[in-house]
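Structure at a glance
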Amino acid sequence: EVQLQASGGGLVQAGGSLRLSCAASGSTLDDYAIGWFRQAPGKEREGISCISTSDGDIAYADSVKGRFTIGSDNNWKTVYLQMHKLKPEDTGVYYCAVVPEGDYNDCLDASEYDSWGQGTLVTVSS
């Protein structure tokens, strides 16, 4: 069982930067993927980036490639999402989630995750 808590959201002007953190507690016996997702007002939840503990494989949504970077500390206690060149369309509630390795095909697919932390709000103003 892994417990997740996202933090670091806030209000930022377009072109600015934010660093989101996903703090993990508890433990797992096997490898897993950790993903970042966001949900804009009135829209479906969207996969942003994910990383696998088994091989470090990383994926990004096309909309954030070159602007966002996912990373973690050495023991996976914290997973980060560094966000640069933020745009108004990046506005939304950002969530981190975890799914066991082997239980998913696409780590950017929110429906494949079984454990979610509380979201943190990111608002990008123009």
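Quick note: structure is the one above.
Residues numbered from 1 in each chain as written. Predicted model: local features only at pLDDT ≥ 70, side-chain atom pairs only at ≥ 80, totals over all residues. Heavy atoms only, no water.

Our next topic: the overall build of the protein chain. When you go through the protein chain residue by residue, the secondary structure sums to 0 helices and 11 strands. At 14 Å, the protein chain has a C-alpha radius of gyration in line with the 14 Å of a compact globule built from 126 residues. Projected onto its principal axes, the C-alpha positions of the protein chain cover 45 × 25 × 25 Å. Out of the 126 residues in the protein chain, the part that is buried amounts to 44%. Partitioning the contacts of the protein chain with sequence separation of at least 6, the portion at a separation of at least 24 is 58%. (Helix = DSSP H or I, 4+ residues; strand = E, 2+ residues; numbered from the N terminus. Rg over C-alpha atoms; globule rule 2.2 N^0.38 Å. Buried < 20%, exposed > 50% of the residue type's maximum accessible area, 1.4 Å probe, protein only. Contact = heavy atoms within 4.5 Å.)

The next thing to look at is the environment of Asn105. Looking at where Asn105 falls in the secondary structure, it is placed in the loop between strand E9 (92-100) and strand E10 (115-116). The sequence separation of Asn105 and Val122 amounts to 17 residues, and the corresponding C-alpha distance is 28 Å.

With that settled, consider the state of the cysteines. With the rule as written, the count across this model stands at 2 disulfides. At a sulfur-sulfur separation of 2.1 Å, the disulfide partner of Cys22 is Cys96. Judged by the torsion about the S-S bond (80 degrees), the Cys22/Cys96 disulfide is right-handed. One end of the pair, Cys22, is in strand E3 (residues 18-26); the other, Cys96, is in strand E9, and 74 residues separate them in sequence. One disulfide bridge connects Cys50 with Cys107, the sulfur atoms lying 1.8 Å from each other. (Disulfide = S-S within 2.5 Å.)

Turning to the packing of aromatic side chains, a few remarks are in order. This model, assessed by the stated rule, comprises 4 aromatic pairs. An angle of 55 degrees between the planes, with centres 4.9 Å apart, marks the rings of Phe37 and Trp116 as tilted. Of this pair, Phe37 sits in strand E4 (residues 32-39) while Trp116 sits in strand E10, placing them 79 residues apart in sequence. Here Phe37 falls in the buried class, since its relative accessible area comes to 0%. The exposure class of Trp116 is partly exposed, given its relative accessible area of 29%. A ring pair is formed by Tyr113 and Trp116, whose centres lie 6.0 Å apart and whose planes are at 55 degrees; its orientation type is tilted. Three or more aromatic residues joined by ring pairs form one cluster here, namely Phe37, Tyr95, Tyr113 and Trp116. Over the aromatic face of Tyr80 sits the side chain of Arg19, whose NZ or CZ is 4.0 Å from the ring centroid. (Phe/Tyr/Trp six-rings, centres within 6.5 Å; stacked < 30°, edge-to-face > 60°. Lys NZ or Arg CZ within 6 Å of the ring centre and 35° of its normal.)

Moving on, we get to the pairing of E4. Burial analysis of E4 places 7 of its 8 residues in the buried class, which makes it a mostly covered element. Of the pairings in the sheet, the one linking E4 to E9 comprises 8 bridges and is antiparallel in character. Directly across from Gly35, in E9, lies its bridge partner Ala97. Summarising the sheet, E4 and strand E5 (residues 46-52) pair through 6 bridges and their orientation is antiparallel. If you follow Arg38 over to E5, its bridge partner there is Glu46. Hairpin connection between E4 and E5: a loop of 6 residues separates the two successive antiparallel strands, and Gly42 in this loop has a positive phi of roughly 75 degrees. (Pairing = 2+ DSSP bridges.)

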